[in-house]
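# Summary of structural features
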Amino acid sequence: MATGGLKDQLDVLVNSMHREGVLDEQFRQLQMLQDSSNPGFVAEVIALFCEDSERILAELGKSLDQAVIDFPRVDAYVHQLKGSSSSVGAQHVKLACIQFRQFCEENDKEGCVRALHVVRNEYYNLRSKFEIMLQLEQRIQAYEAKLQK
Amino acid sequence: MGSSISKKIKSVSGSGTMTHNVEGNLPLLKGSPGQDSDNFTSKNKLLALVVDDNRVNRRILGMFLSKLNVDSLEAENGQQAVDIFFGGASFDIVFMDREMPVMDGLKIIGVSANNEKEEIAEFMASGINEFHTKPLGSVKLATIIWGIDSSSF
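Bear in mind the structure is a predicted one, so any value in this text is a computation, not a measurement.

## Looking at the overall build of chain A
What chain A contains, in helices and strands, is 6 helices and 0 strands. The order of α-helices and β-strands along chain A, N terminus first, is α-α-α-α-α-α. Dimensions along the principal axes, computed over C-alpha positions, put chain A at roughly 60 × 25 × 20 Å. Here chain A holds 149 residues, and 49% of them are scored as buried. Once local pairs closer than 6 in sequence are excluded, the contacts in chain A between residues at least 24 apart make up 67%. When the accessible surface of chain A is split by element, carbon and sulfur atoms take 51% of a total near 7,700 Å². Computed over 17 positive and 22 negative side-chain charges, the inter-centroid distance for chain A is 4 Å.

See below:
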């Protein structure tokens, strides 16, 4: 498939993520930082974000599985995830984290468990879209490299 | 600490909104990074310290700064930042997250022998946390650092 078609697919995907609110303006700022001197910047940031997010989600699962919940510790993890999701423009994840922190402040275990479920769903929805995005980007870059030869 | 320096040594990033970390009248950094960044490129290369326990945040801020021709070093927490300072590095600007493990973001205390209201107001507006007139004795320092009631001495 010509790169034009792939680029259209990528634009449609990213635009739909913005329309749905999955991504916000911050992600566009990240895309603008990527250029020929840093062609893999967005992919790198996404990879870091996903690694850290999955580590945090695992810790949150363990923390909320305890008989006695350490709410400040849970809140600290959610704060981290909120920070990185905000930085990459992952709006739905960020908003879910804000709600989660509210339950932490109220020492509401059930609320936290529900909130974790929401955050996980939002994160995995985002991750699957990021995977498609990165696959398209890789194919575009491969075609363009081939054309230059 | 002069008000021009304290204007540079700002800012507390909250929970990771990376594009809005710089406040005050820094002429090189008005506007939104990434948009028409050529207009905001630093003519003299500056060095920034980025202090954040979140590596995603550090990476992104570092890239934004790089686009503005600002070099940066990173620290994961306040203790590392202090170690870097004591190692002799000299920074033009510090971006520091407030909540971090090991050591939180630093408190910035302005000191001056002057106690004119207008000067104090300007100093506070530059973003320092507190202002105290010189000289600072041990009693006042204990109060500043640990909130110890000076009447107990």
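So much for the structure itself; the text now carries on.
## Notes on the confidence of the model for chain B
Residues and elements named next belong to chain B. Taken residue by residue, chain B gives an average pLDDT of 68. The fraction at 70 or more is 61%. Taken together, the stretch residues 1–39 has pLDDT below 50 and engages in 84 contacts with residues farther than four places along the chain or on a different chain. A low-confidence stretch, residues 149–153 (pLDDT under 50), is modelled with 5 contacts involving residues beyond four sequence positions or located in other chains. The ipTM, which scores confidence in the relative placement of chains, is 0.90 for this predicted complex, and the corresponding pTM is 0.74.

## A word on the UniProt feature "domain: HPt" (unreviewed entry) in chain A
Sequence positions flagged by UniProt for "domain: HPt" (unreviewed entry) are, in local numbering, residues 38–143 of chain A. With 87% helix and 0% strand, residues 38–143 of chain A has end C-alpha atoms that lie 18 Å from one another.

## Quick look at the environment of A:K82
All names here are of chain A. Checked against the element boundaries, K82 lands in helix 4 (residues 71–88). K82 sits in the buried class, given a relative accessible area of 13%. Taking C-alpha positions, K82 is 22 Å from Q66, a pair spaced 16 residues apart along the chain.

## A short note on the pairing of strand 3 (residues 70–75) of chain B
Residues and elements named next belong to chain B. Here strand 2 (residues 46–51) runs beside strand 3; their pairing, made up of 6 bridges, is parallel. What sits directly across from V51, in strand 3, is A75. Each parallel crossover has a hand, and for strand 2 linked through helix 2 (residues 55–67) to strand 3 it is right-handed.

## A closer look at the UniProt feature "modified residue: Phosphohistidine" (unreviewed entry) in chain A
Taken from the UniProt record, the annotation "modified residue: Phosphohistidine" (unreviewed entry) applies to A:H79. Mapped onto the secondary structure, A:H79 falls in helix 4.

## Things to note about the pattern of salt bridges
Evaluated as defined, the whole model comprises 13 salt bridges over all chains. As a salt-bridge pair, A:E131 and A:R127 come within 3.6 Å of each other at their nearest N and O atoms. One end of the pair, A:E131, and the other, A:R127, are both in helix 6 (residues 109–148), 4 residues apart, so they sit about a helical turn from each other. Through salt bridges with shared partners, one network takes in A:E51, A:D52 and B:R55.

The rules behind the values
- Each chain has its residues counted from 1, following the order in which its sequence is written.
- Chain labels run from A onward and ligand labels from 1 onward, assigned in the order the entries are written.
- Whole-chain, interface and lining totals are the exception, using all residues; otherwise, since this is a predicted model, local features are given only for residues with pLDDT of at least 70 and side-chain atom pairs are given and counted only at 80 or more.
- Side-chain figures throughout are based on the complete set of non-hydrogen atoms in the structure, without hydrogens or water.
- Numbering of helices and strands starts at the N terminus; helices are DSSP runs of H or I of at least 4 residues and strands are runs of E of at least 2.
- Buried means the residue's accessible area, taken with a 1.4 Å probe over protein chains only, is under 20% of the maximum for its type, while exposed means over 50%, and partly exposed covers the values in between.
- Here a residue-residue contact requires only that any non-hydrogen atoms of the pair lie within 4.5 Å.
- Accessible areas in this description were obtained via Shrake-Rupley with a 1.4 Å probe; residue shielding takes into account the shown protein chains only.
- Just so you know, the count uses Lys and Arg for positive and Asp and Glu for negative, and it drops His and the chain ends.
- A charged residue contributes its charge at one atom only: NZ of Lys, CZ of Arg, CG of Asp or CD of Glu.
- On a scale of 0 to 100, pLDDT captures the predictor's confidence in every residue.
- UniProt positions are given in the numbering used here, feature names are shortened, and annotations may be inferred rather than shown by experiment.
- Two strands pair if DSSP finds at least two bridges between them.
- A right-handed crossover is one whose linking path, passing over the helix from the first strand to the second, runs clockwise when the strands point away from the viewer.
- We define a salt bridge as a contact between a side-chain nitrogen of Lys or Arg and a carboxyl oxygen of Asp or Glu at a distance within 4 Å.

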